[in-house]
Amino acid sequence: MPDTKQAILVVGTGVAGMQAALDLANLGLSVHLVEQDSHLGGQALRLDKVYPTDHCAFCPVWTHAFACREHPRITISTGTKFKGLRQGPEGSLALLEKAARRIDGDKCVFCGRCMEICPQKALLGHAPDLPWDPALPPVPWLDGGRCDSCGKCEPACPTGAIDAARQTNTFEIAVSDCIFAGGFQEPRPAPAPAPEFGGHTHPDILTAMAFETLIAEWNAIPGVKLRCQSDGRPAGSLAFIQCAGARDRRFLPHCSAVCCMHAAKQASWLKRRQPDLDIAVFYTDLRAPGKGQEAYMKMAEELGVRFIRRRPGLVAPVDGPSGKGIALRHEADADVATTLADIVVLNGGLACCPCPEGTAEVSAQACGFCSEPADIANSVIQAGNAAALICGGQTGDGALCAAFQEIGGRS
Ligand SMILES: Cc1cc2nc3c(=O)[nH]c(=O)nc-3n(C[C@H](O)[C@H](O)[C@H](O)COP(=O)(O)OP(=O)(O)OC[C@H]3O[C@@H](n4cnc5c(N)ncnc54)[C@H](O)[C@@H]3O)c2cc1C
């Protein structure tokens, strides 16, 4: 077992980070769990239902977050970015950067007085990137973009939780070991890595995560059909383009591992709600390796989703006599064919979160999507493995981290 005088640092509170923290804490070790966002849950908190069961994502994530929050051996720091590790004279030191939030989450009682008084409506009850309230744990949020620093909120707060002068704070803590569970990053905005797919250039060409939010149950009004984001007209056809920016030497040579399945998931949700919607999934290879995944694909096909083995060479909006929408141009041998879709979803290009400085030199484990593209089940299994390796005292050789670096470097 590692030196229990110092806490083990777990970075990231997606499903992997939370699982690793709970495993370690349940074995009697002290854990410092840090998250750069304002809330726990990682990317899975943005998902609606999850394949292959179609169960709600929120419930298990909430349960894990609650368990971490209540665990006496887990200390949580949200709004805190892990910047790197270095070897100090007495062991490993982790460099952390605490963002200036300007509202102290421990003092705030959510009375809402600051929100009422704010002329810019810059105070929000929850993080702006989450569709529901509250975040985990609940955090009051000050939108720095809107706040004009008028200072009216400070005296209105009955518990003294607002401190307009608070600055970003960088500090180091001693840690006995580190597990990095930084997850994945979506493709960055323009210039998009695979510009031929038109990502970030038109409201009806969406990333898979944006589409997941658009069609989620919490956004769906019964009987209301899917609409184009550009002009609100009802969408009659939808195309998924798989491996858009993945398995591509210019960007990510590896497969993102989860995209075929979540395309089948999103397509089948929509087919159940709107059977007349024409849905085509353009793929390179369909990958459904896990338990129940092949059957899940079959189910989507039986619902009427068309799986077509072809990758368009060019995707571009059109508005003319031949129609309005997004044109997908396919070239096969000497033939050129064009398909028109109202909405296009780009799937792929999920990059493993890069390894922060020093993690390779100082003992550290990587788990979850950042070590290799993985769905929730596999991310959680990897997290358990990383915790077990630390408990078995097998850290220090950097072997796992080196493998992780290799993947991170390629991305
Ligand atoms: C559109 C879409 C749909 C999906 N649907 C499914 C599905 O139905 N079923 C399924 O099994 N999987 C699905 N997945 C995959 C699933 O989201 C991932 O498997 C899972 O989120 C990986 O969890 P993780 O903990 O490894 O990483 P993440 O969820 O990415 O969490 C990583 C966390 O680390 C934090 N972090 C990163 N760097 C730092 C740092 N330096 N300091 C502090 N914090 C940091 C991040 O803020 C984040 O909160 C889907 C993915 C996408 C894109």
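Anything mentioned here points back to the structure above.
For clarity, every value in this text was computed on a predicted model and none was experimentally measured.

What counts and what doesn't
Residues numbered from 1 in each chain as written. Predicted model: local features only at pLDDT ≥ 70, side-chain atom pairs only at ≥ 80, totals over all residues. Heavy atoms only, no water. Near = heavy atom within 4 Å. Polar contact = N/O pair within 3.5 Å; in protein donor to acceptor, adjacent residues only side chain to side chain. Areas by Shrake-Rupley, 256 points an atom, 1.4 Å probe, with all protein chains shown as cover. Helix = DSSP H or I, 4+ residues; strand = E, 2+ residues; numbered from the N terminus. Salt bridge = Lys/Arg side-chain N within 4 Å of Asp/Glu carboxyl O. Buried < 20%, exposed > 50% of the residue type's maximum accessible area, 1.4 Å probe, protein only. Contact = heavy atoms within 4.5 Å. Pairing = 2+ DSSP bridges.

Caption draft 1: Expanded view of the site of the ligand. Neighbouring the ligand are 37 residues; Glu-35, Tyr-51, Lys-265, Phe-369 and Ala-374 lie closest to it. At 2.6 Å, a backbone N or O of Ala-374 approaches an oxygen atom of the ligand. Within the complex, 97% of the 1,000 Å² of free accessible area of the ligand lies under protein. Those elements giving two or more residues to the shell around the ligand turn out to be helix H1 (15-26), strand E3 (49-50), strand E6 (80-88), helix H5 (208-215), helix H6 (259-273) and helix H8 (376-391).

Caption draft 2: View of the pattern of salt bridges. The tally for this structure, following the rule as stated, stands at 17 salt bridges. Of the charged contacts, one joins Arg-272 and Asp-54 as a salt bridge, the two residues approaching to 3.9 Å between their closest N and O atoms. Residue Arg-272 is located in helix H6, and its partner Asp-54 is located in the loop between E3 and strand E4 (55-56); the two are separated by 218 residues in the primary sequence. Judged by its relative accessible area of 45%, Arg-272 falls in the partly exposed class. With a relative accessible area of 18%, Asp-54 lands in the buried category. The residue Arg-233 makes a salt bridge to Asp-342 at a minimum N-O spacing of 3.2 Å. With a gap of 109 residues between them, Arg-233 in the loop between H5 and strand E14 (237-241) and Asp-342 in the loop between strand E19 (335-341) and strand E20 (343-346) connect regions that are remote in the sequence. On the basis of relative accessibility, which here comes to 12%, the residue Asp-342 falls in the buried class. When salt bridges that share partners are traced, they join Asp-231, Arg-233, Lys-324 and Asp-342 into one network.

Caption draft 3: Examining the environment of Ala-194 more closely. Looking at the secondary structure, you find Ala-194 in the loop between strand E12 (184-185) and strand E13 (205-207). Placed 50 residues apart in sequence, Ala-194 and Ala-244 show a C-alpha to C-alpha distance of 6.9 Å. If we skip the residues at most four places from it in the chain, Ala-194 touches Gly-245 and Arg-250.

Caption draft 4: View of the pairing of E6. Strand direction decides the pairing type here: E6 and strand E7 (residues 91-98), joined by eight bridges, are antiparallel. Bridged to Gly-88 within E7 is Gly-91. In sequence, E6 turns back onto E7 through a hairpin of two residues.

Caption draft 5: Molecular detail of unusual backbone geometry. Across the junction of Tyr-51 and Pro-52, the peptide omega takes the value -5 degrees, indicating a cis bond. Although it is not a glycine, Cys-243 sits at a positive phi angle of roughly 55 degrees. As for its placement among the helices and strands, Cys-243 is situated in the loop between E14 and H6. Note on Cys-243: relative accessible area 10%, which makes it buried. For Ala-257, which is not glycine, the phi dihedral falls at a positive 70 degrees. Counting through the fold element by element, Ala-257 comes out in the loop between E14 and H6. Residue Ala-257 is classed as partly exposed on the basis of its relative accessible area of 33%.

In short, the description is geometric, and any link to function would need to be established separately.
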